[in-house]
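# Architecture at a glance
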Amino acid sequence: MADLARHRGMRNKLVRLLIDKGIRDKEVLKAIGAVPRHLFIDSSFEEFAYQDKAFPIAAGQTISQPYTVAFQSEKLALKPGQKVLEVGTGSGYQAAVLAQMGIKVYSIERQKELFDATKPLLSKLGYKLYMKYGDGYAGLPNHAPFDGIIVTAGAPEIPKALLEQLKPGGNLVIPVGREVQKMKVVKRKSETDFEVKDYGDFRFVPMLHDRNA
Ligand code: SAH
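Residues numbered from 1 in each chain as written. Predicted model: local features only at pLDDT ≥ 70, side-chain atom pairs only at ≥ 80, totals over all residues. Heavy atoms only, no water.

## Comments concerning the pattern of salt bridges
Just so we agree on the cut-off: When a carboxyl oxygen of Asp or Glu is within 4 Å of a side-chain nitrogen of Lys or Arg, the pair counts as a salt bridge. Relative accessible area decides the class of each residue, using a 1.4 Å probe on protein chains only: under 20% of the type maximum gives buried, over 50% gives exposed, and in between gives partly exposed. Secondary structure elements follow DSSP: runs of H or I of four or more residues count as helices, runs of E of two or more count as strands, with numbering from the N terminus.
For the coordinates displayed, the defined rule picks out 11 salt bridges. Here Arg11 ties to Asp3 by a salt bridge, and the two come within 2.9 Å at their closest N and O atoms. Classification of Asp3 as partly exposed rests on a relative accessible area of 28%. Note that Arg6 and Glu47 form a salt bridge whose closest N and O atoms lie 3.2 Å from each other. Within this pair, whereas Arg6 is found in helix α1 (residues 5-20), its partner Glu47 is found in the loop between α2 (26-34) and β1 (55-56), the two being separated by 41 residues in sequence. Through salt bridges that share partners, Arg6, Glu46 and Glu47 make up one connected network.

## Quick look at the side chain of Asp147
For the record, the criterion: Pairs of N or O atoms are called polar contacts if they sit within 3.5 Å, as long as, within protein, a hydrogen donor faces a hydrogen acceptor (for residues adjacent in sequence, only side-chain-to-side-chain pairs). Contacts are assigned to residue pairs with any non-hydrogen atoms lying within 4.5 Å of each other.
Mapped onto the elements of the fold, Asp147 is located in strand β6 (residues 146-151). By relative accessible area, Asp147 is classed as buried at 13%. At 2.7 Å, the side chain of Asp147 and the backbone nitrogen of Lys83 are in polar contact. At a separation of 3.0 Å, a polar atom in the side chain of Asp147 contacts the side chain of Lys167. Apart from residues no more than four positions distant in its own chain, Asp147 is found in contact with Leu78, Gln82, Lys83, Leu166, Lys167, Gly170 and Asn171.

## A short note on the side chain of Asp135
Applied cut-off: Charge assignment: positive for Lys and Arg, negative for Asp and Glu; neither His nor the chain ends contribute.
Following the sequence through the fold, Asp135 ends up in the loop between β5 (130-133) and β6. No salt bridge is formed by the buried Asp135; its nearest oppositely charged neighbour, Arg110, is found at 5.9 Å. Here Asp210 takes part through its backbone nitrogen, which lies 2.8 Å from a polar atom of the side chain of Asp135. Among all residues touching Asp135, those that are not within four sequence positions of it are Ile108, Leu208, His209, Asp210 and Arg211.

## Concerning helix α4 (residues 93-100)
Burial within α4 is extensive, with seven of its eight residues counted as buried. By the burial criterion, the buried members of α4 are Tyr93, Gln94, Ala95, Ala96, Val97, Leu98 and Ala99. One or two residues past the end of α4 sits Gly102, with phi positive at roughly 85 degrees.

## Here's the deal with the site of the ligand
Rules: Whether a residue is near a molecule or strand depends on its heavy atoms: it is near if one of them lies within 4 Å of it. Note on areas: Shrake-Rupley, 1.4 Å probe, and residue coverage restricted to the protein chains presented here. Following the grouping adopted for this structure description, the nonpolar residues are Ala, Val, Leu, Ile, Met, Phe, Trp, Tyr, Cys and Pro, the charged ones are Asp, Glu, Lys and Arg, and the polar ones are all others, Gly among them.
Taken together, 27 residues form the shell around the ligand, and within it Ser91, Glu109, Asp135, Gly136 and Leu208 come nearest. The backbone of Arg110 places a nitrogen or oxygen atom 3.3 Å from a nitrogen atom of the ligand. A distance of 2.9 Å is found between a nitrogen atom of the ligand and a side-chain nitrogen or oxygen belonging to Asp135. Contact with the protein chains covers 99% of the free accessible surface of the ligand, which is 580 Å². Of all elements in the fold, only β2 (62-63), β3 (83-87), α4 and β4 (104-109) reach the threshold of two or more residues within the shell around the ligand. Residues that form the shell around the ligand fall into these classes: 11 nonpolar, 12 polar and four charged.

## A look at the packing of α1 against α2
Put simply, the rule reads: Orientation is described by lines fitted to C-alpha atoms, with helices fitted over the stretch in contact, and by angles between N-to-C directions that extend from 0 to 180 degrees. By definition in this entry, angles of less than 35 degrees are roughly parallel, angles greater than 145 are roughly antiparallel, angles of 65 to 115 are roughly perpendicular, and the rest are oblique. Throughout, a crossing is termed right-handed when the near helix is turned clockwise from the far one, and left-handed when it is turned anticlockwise from it by less than a right angle.
At a minimum axis distance of 8 Å, the contact between α1 and α2 shows a crossing angle of 150 degrees. Overall, the two elements α1 and α2 adopt an arrangement that is roughly antiparallel. Like other packed secondary-structure pairs, α1 and α2 cross with a definite hand, here right-handed. Contact residues: α1 offers Arg11, Leu14, Val15, Leu18 and Ile19, while α2 offers Leu29, Ile32, Gly33 and Ala34. Split into classes, the residues belonging to the contact of α1 with α2 amount to seven nonpolar, one polar and one charged.

So yeah, pure geometry; function would need other evidence.
Next comes the structure, spelled out in C-alpha cells:
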C-alpha cells in the first residue's frame, strides 16, 4: 500500500490534464492531486491509475474516470464541513476525493462485495465517512437533509426521495439516461422550487433497485 514519488508525479500530470479539460475548482484539483487512486483499483492496473480512464472493479462495476469525478465534485459546489450523500460508493475513490476536500461524506452501495471491500480500505487510508450497504433510491432519510447529493450510477429518472433529502440551496448531481446519460444538476431553490441544468453526455453503470448480496 505504498504511495511513492512516482505516483505523486503521475497525479500532478493528471491534475494538469484536468485543468486543460476545463476543471477550475482549486479544492477539487488539490484533492485529485492528493488521493492515491492507484490504491483503489486492482494492482494489475496500477500503471494506468493516473490516466483519465474508467476501469473495472469488483462485481462488474467501474471506478469513474477522473474527469467525471472532478466534474461532478465541482458541480456539487460544497464547502468544507458540509454534508454530501453519495449513491454508488463503488471503489470509494469519489468518496475519498470529497472527504479529502473536508466534506462530510455519507455513501451508499448496493453490492455487498464492494461494500465489504471498500469500507475497510477507506478506513485504512484514513478517510472517515459514513457508509451504508443499501439501496440508494431511498437515500438516507435518517441523516437527511444534505447540502449536496451525488449519484455515480446512471439513473433512469431522478429519484423523488433524493430531491426530498436535499437542502434548499443544495445541488443534486446525477447522470440520467439508459445507454448514455446526460449529467443533470438539480438545484433546490426553495422547499418547492427546483431548477434543472443539463450538461454533456457521460457513461455510467446503471443505477439498479434493491440490494445485491
Ligand atoms: N463512485 C464510484 C463509482 C462506482 S460505479 C467510484 O468512485 O468508484 C457505480 C456504483 O453504483 C456501483 O458500485 C454500483 O453497484 C452502485 N449502485 C448502482 N445502483 C445503486 C443503488 N441503487 N444504490 C447504491 N449503489 C448503487
